[in-house]
Amino acid sequence: MRDQFPFAVARVTRRWRKMLDERLKDLGVTQARWSTMVYLQQGGEGLTQRELASLMAIENPTLVRLLDSLEQQGLIERRACPNDRRARRLHLTKPGAAFMDELSERAATLREEMLEGVSDKEIESALKVFHKILDNAEKQK
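Thresholds applied
Residues numbered from 1 in each chain as written. Predicted model: local features only at pLDDT ≥ 70, side-chain atom pairs only at ≥ 80, totals over all residues. Heavy atoms only, no water. Salt bridge = Lys/Arg side-chain N within 4 Å of Asp/Glu carboxyl O. Buried < 20%, exposed > 50% of the residue type's maximum accessible area, 1.4 Å probe, protein only. UniProt positions renumbered as here; feature names shortened; annotations may be inferred. Helix = DSSP H or I, 4+ residues; strand = E, 2+ residues; numbered from the N terminus. Patch = residues over 30% accessible without salt bridge, like charges linked within 9 Å, V, L, I, M, F, W, Y side chains within 5 Å. Areas by Shrake-Rupley, 256 points an atom, 1.4 Å probe, with all protein chains shown as cover. Pairing = 2+ DSSP bridges. Contact = heavy atoms within 4.5 Å. Axes fitted to C-alpha atoms, helices over the stretch in contact; angles between N-to-C directions. Polar contact = N/O pair within 3.5 Å; in protein donor to acceptor, adjacent residues only side chain to side chain. Core = buried A, V, L, I, M, F, W, Y, C linked by side-chain atoms within 4.5 Å.

Quick notes on the pattern of salt bridges
Now for step 1: Inspection of every chain in the model, using the stated rule, returns nine salt bridges.
Now for step 2: Here Glu 71 makes a salt bridge to Arg 78, at a shortest N to O gap of 2.7 Å.
Now for step 3: On the basis of relative accessibility, which here comes to 32%, the residue Glu 71 falls in the partly exposed class.
Now for step 4: Under the relative-accessibility criterion, Arg 78 is labelled buried at 16%.
Now for step 5: Note that Lys 128 is salt-bridged to Glu 124, the shortest N-O span being 3.7 Å.

Below, the structure written as structure tokens:
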């Protein structure tokens, strides 16, 4: 069972992303783009690119390309940082905030469908296991 566990987690993650991608296709964003927006929203308005890259655990050059495309779509904007002229702070635009509202609604619907028949107690247990695994992974650094 322990051998199967990481593969099962990976399959669930891939399936979740694939299904959400299908439901967001009409909005014209890829998984990489919508996940960037989710991290930006969760991290708080006004993050720097470096802070967002760290939060997402990706390299800054990779993030820059994603931000460029989101900015071209009018979903985010980069603003000058008052304390550091070299840094840019990231903010959702009004269309970006509306996009996140739509994303959240569609994700909530999918989440309920995927968790049908799973009790809150089972979800709580699964989350405890995931937190323990992440804690163990942090100790390995």
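So much for the structure itself; the text now carries on.
Some remarks on the UniProt feature "domain: HTH marR-type" (unreviewed entry) in the protein chain
Now for step 1: According to UniProt, the "domain: HTH marR-type" (unreviewed entry) feature falls on residues 2-135.
Now for step 2: The span residues 2-135 carries 68% helix and 9% strand; its end-to-end C-alpha distance comes to 17 Å.

Re a nonpolar patch on the surface
Now for step 1: Where nonpolar side chains cluster on the molecular surface, the patch consists of Phe 5, Leu 127, Val 129, Phe 130 and Ile 133 and spans about 390 Å² of accessible area.
Now for step 2: For the nonpolar patch, the element with the most residues is helix α6 (residues 120-139), which contributes four residues.
Now for step 3: Looking at the element boundaries, Phe 5 is found in helix α1 (residues 5-24).

Description of the sheet that holds strand β1 (residues 47-48)
Now for step 1: Within the open sheet, the three strands sit side by side as β1-β3-β2. Their pairing is antiparallel. Looking at which strands have only one partner, the edges of the open sheet turn out to be β1 and β2 (76-80).
Now for step 2: Alignment of β2 against strand β3 (residues 88-92), held across five bridges, turns out to be antiparallel. Opposite Arg 78, over in β3, you have Leu 90 as the bridge partner.
Now for step 3: The sheet strands contacting helix α4 (residues 60-72) are β2 and β3, and the helix crosses β2 at an angle near 110°.

What to know about the side chain of Ser 35
Now for step 1: With respect to the helices, strands and loops of the structure, Ser 35 is situated in helix α2 (residues 31-43).
Now for step 2: Judged by relative accessible area, which is 13%, Ser 35 ranks as buried.
Now for step 3: For Ser 35, the side chain forms a polar contact with the main-chain oxygen of Ala 32, separated by 3.2 Å.

What to know about the nonpolar core
Now for step 1: In this structure, Leu 20, Met 37, Leu 40, Leu 52, Ile 76 and Phe 99 are the most contacted members of the largest nonpolar core, which totals 23 residues.
Now for step 2: Counting only elements with at least two residues in this core, the list comes to α1, α2, α3 (49-56), α4, β3 and α5 (94-114).
Now for step 3: Top contributing element to this core by residue count: α5, with five residues.
Now for step 4: Apart from residues no more than four positions distant in its own chain, Met 37 is found in contact with Leu 70, Leu 75, Ile 76, Leu 92, Gly 96, Phe 99 and Met 100.

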